[in-house]
Amino acid sequence: MAELIPGIDSSQRHLGFVWGPGDLLAYETQYKPTGAQHAAQSCPFVHVVRKDEDIYSPILRKLFNESHHIFVGLQNMKDDVPISTRDTALATQYGNQVSILLAVELIWNLCEVLFIEAAPAGSLLLHLLDWVRLHKADVDEKAQEVLQSECPAEHQAYWDVTVCYILQGRIDEARQILLKQASQQPAARVTFKLMDSLLMKMPIYNPGGTQTLTEFDVKWRRWHQECDRCLQDNSFASHPHLELICKILVGDEDTLLEQREHLSTWYHFLVTRLLYCHPTVKPTELHYYAQASMDMFLDGRSAPEPLDSILLAAFEFDIHQVIKDCSIALNNWWFVAHLTDLLDHCKLLQSHNLHFGSNLREFLLLEYASGLFTHHSLWQLAVDYFDHCPEFGRVYLELQIERVPLDTERKALKVLRICEQRQMAEQVRSICKIMAKKALRNNRLGSALSWSIRAKDAAFATLISERFLQDYCTHGTFSDLDLIDNLGSAMLLSDRLTFLGKYREFHKLYAEKQFAEAARLLLSLMTAKIAPRSFWMTLLTDALPLLEQKQVIFSADQTYELMHCLEELTTGKVAPETELSMQEDNIEATKIELLRLALARNLALAIVKEGTLEA
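Residues numbered from 1 in each chain as written. Predicted model: local features only at pLDDT ≥ 70, side-chain atom pairs only at ≥ 80, totals over all residues. Heavy atoms only, no water.

Peer 1: Just checking my understanding: could you explain the side chain of H155 for this structure?
Peer 2: Tracing the chain through its elements places H155 in the loop between α6 (138-147) and α7 (158-167). Residue classification places H155 among the buried residues on the basis of a relative accessible area of 18%. Look past the residues within four positions of H155 in its chain and what remains in contact with it is E145, V146 and S149. (Helix = DSSP H or I, 4+ residues; strand = E, 2+ residues; numbered from the N terminus. Buried < 20%, exposed > 50% of the residue type's maximum accessible area, 1.4 Å probe, protein only. Contact = heavy atoms within 4.5 Å.)

Here is the structure:
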């Protein structure tokens, strides 16, 4: 342990340790100071030993997150029954999706090689070889099976693996596996040594080296002639497998075509043919070799498929044809949208305008994003795509965002945040109005008021304020006090909302026994005509407890104002027509009489008090 901790000499000090919260705490238990000064410098320390330092790396955080998703997915898989037996249709669907994704990856990688890397002659073939090896990796599985067998040289797939290595230009792997056979056949050791010599001498172009392409071409032709001489001399006639390999090395087309099973595709055949016949092929010559290779490989046995047409268009460096064919062949816009965007960023796409005014990149991104907007969760991703479409992105976003179903307040807030960040005022108002009406239908007045304030909808805020006041008249209490208490400047949105906020403020002052301030506020609500006339009787009734206080709260002038409001309210009353109306009218008449008596009493007391103060 001491050797793992910097600055600790195990010969001088002993260490103890204890597990801390996730880390190991190591401490010194014995030290041997040799002097006073040395003793002062040899105080024991506690060392923190982290066992998982990598988890603190921000670079690896993405790896940990992605592996977590894969881990959880694996745990949730039902591995007791194969998918195919559980649900054949589902297995077929997954198989089709995998095939499409593999084709997409094949096209994407080829476009990277041809359009983005834009490798010149010499380097071009190296990139194409990597491309083929990446998408023809089944040979590695076979090779592993062969090499792990008891006797690799006698395995039935031995020569298949060897030939596949040669077809892919994996010369070093081919030489290694051929050594297995050579050791088993001492009589043919000279023949195997000759083949190994040919493979070892095979020139491979090095873009970073000092050798020019011309020098490489001369060297390659000499090697090619040497292989051809060995074939003409029947050097491998006694060993058919080695003779087959030699024919491949000289690029014999008939021999290559006989390996259809190992090549499996015409584009693999193309790359192998270039490797052993035209290693210095130029980008401008690719389309000729590609077309010829496809014709030779298919040989009328089957018609070209959409994938073949796409790859052929790529070898012809026809970017727009690649995009067009992919748009037709694939079942969504994901691939063409991202490929076009990448090519556009690399300045490789001639952005010709389409009939409706946008360019090709924007058209495809708009189509892809519009499709995402129909999904219940992926619609959020579409927003970023619209943001990066300068011509029509905002218009599309404004139209699509209004179609998002606002199922929950949480979702509505997400949509609202998107609109507010982009100053989409009309959409903000629309969303808030929808949510306010929905909350009102569910009798959630607080939520309805909050949404109407965000929408700055004065009419709807007035309507909801009326509902709050009606509920107060019915139940004698306010709901959603937190919202009403914190309206702030929002109460100025409408007169009724202002009254609601101020009326609640009156109740708070009264509860805090600030009677003078409460009285002034109550009176101002009526005299300034802020309170609706229908609510005056409630306000006057609220004034009764203040009028009945032992100390005088309302001054004489304030009392006169209250009397004036009461008379204005009672003047011109219509006689009741029904029995119920008569009962309600009697109750109100009783209130009026009580108010008049209380006002008269308060006026007298206020006059006496004010007169005394003046004297």
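Peer 1: I'm lost on the packing of aromatic side chains in this one. Help?
Peer 2: Aromatic rings in a pair are described by how distant their centres are and how their planes are angled relative to each other. Under the counting rule described, the total for this entry stands at 18 aromatic pairs. Between W131 and Y267, the aromatic rings sit 5.4 Å apart at their centres with planes inclined by 40°, giving tilted as the arrangement. Of this pair, W131 sits in helix α5 (residues 123-135) while Y267 is found in helix α14 (residues 266-277), placing the two residues 136 residues apart along the sequence. On the accessibility criterion, Y267 (14% relative accessible area) is buried. Note on W131 and F315: the rings are 6.1 Å apart at their centroids and 75° apart in plane angle, and the pair reads as edge-to-face. Taken together, the residues W131 in helix α5 and F315 in helix α16 (residues 306-315) connect sequence positions 184 residues apart. A relative accessible area of 2% places W131 in the buried class. Each member of the aromatic cluster is reached from another via a ring pair, and the members are W131, W266, Y267 and F315. The ring of F297 is capped by R260, whose NZ or CZ atom sits 5.4 Å from the centre of that ring. (Phe/Tyr/Trp six-rings, centres within 6.5 Å; stacked < 30°, edge-to-face > 60°. Lys NZ or Arg CZ within 6 Å of the ring centre and 35° of its normal.)

Peer 1: What is the right way to read unusual backbone geometry from this model?
Peer 2: Residues other than glycine predominantly adopt negative phi, and peptide bonds predominantly adopt the trans conformation. For S264, which is not glycine, the phi torsion reads 70° and is therefore positive. The residue S264 is located in the loop between α13 (260-263) and α14 in this model. Phi is positive for K347, close to 60°, though the residue is something other than glycine. Within the element layout of this structure, K347 appears in the loop between α18 (334-345) and α19 (360-372). K347 gets classed as exposed once you look at its relative accessible area, which sits at 74%.

Peer 1: Any chance you could explain the packing of helix α15 (residues 286-298) against α16 here in plain terms?
Peer 2: With their axes 8 Å apart at the nearest point, α15 and α16 run at an angle of 155° to one another. When the axis of α15 is compared with that of α16, the two are roughly antiparallel. Each of L286, H287, A290, Q291 and M294 in α15 lies in contact with α16, whose residues at this interface are D308, L312 and F315. Here the residues of the contact of α15 with α16 sort into five nonpolar, two polar and one charged. (Axes fitted to C-alpha atoms, helices over the stretch in contact; angles between N-to-C directions. Parallel < 35°, antiparallel > 145°, perpendicular 65-115°, else oblique. Nonpolar A, V, L, I, M, F, W, Y, C, P; charged D, E, K, R; others polar.)

Peer 1: Looking at this structure, I do not really get the pattern of salt bridges. What am I missing?
Peer 2: Note that side chains of opposite charge can pair when their charged atoms are close. By the definition in use, this model includes 19 salt bridges. With its nearest N and O atoms 3.6 Å apart, the salt bridge here joins R596 to E593. Of the two residues, R596 and E593 both sit in helix α31 (residues 579-614), three residues apart, roughly one turn of that helix. (Salt bridge = Lys/Arg side-chain N within 4 Å of Asp/Glu carboxyl O.)

Peer 1: Mind showing me how you'd approach helix α11 (residues 240-249) here?
Peer 2: An α-helical turn contains 3.6 residues, so any two residues separated by three or four positions project in the same direction. Listed as buried for α11 are L242, I245, C246, I248 and L249. Angularly, the buried residues of α11 cover 155° about the axis, an arc narrow enough to put them on a single face. (Arc of directions from axis to C-beta.)

Peer 1: Can you walk me through the packing of helix α17 (residues 319-329) against α18 in this structure?
Peer 2: Helix-helix packing: each pair is described by the crossing angle between the helix axes and the interaxial distance. Direction vectors running N to C along α17 and α18 enclose 165°, while the axes themselves pass 9 Å from each other. By the criterion of interaxial angle, the relationship of α17 to α18 is roughly antiparallel. Note that α17 runs across α18; the crossing there is left-handed. In contact with I319, V322, I323, C326 and S327 of α17, α18 contributes F335, V336, L339, T340 and L343. Counted by class, the contact of α17 with α18 contains eight nonpolar, two polar and no charged residues. (Left-handed = near helix turned anticlockwise from the far one by under 90°.)

Peer 1: Explanation requested: the environment of M537 in the structure shown.
Peer 2: Relative to the elements of secondary structure, M537 occurs in helix α29 (residues 536-547). M537 sits in the buried class, given a relative accessible area of 10%. Between the C-alpha atom of M537 and that of T570, which follows or precedes it by 33 residues, the distance is 9.6 Å. Aside from chain neighbours lying at most four places away, what touches M537 is L566, L569, E588, I592 and L595.

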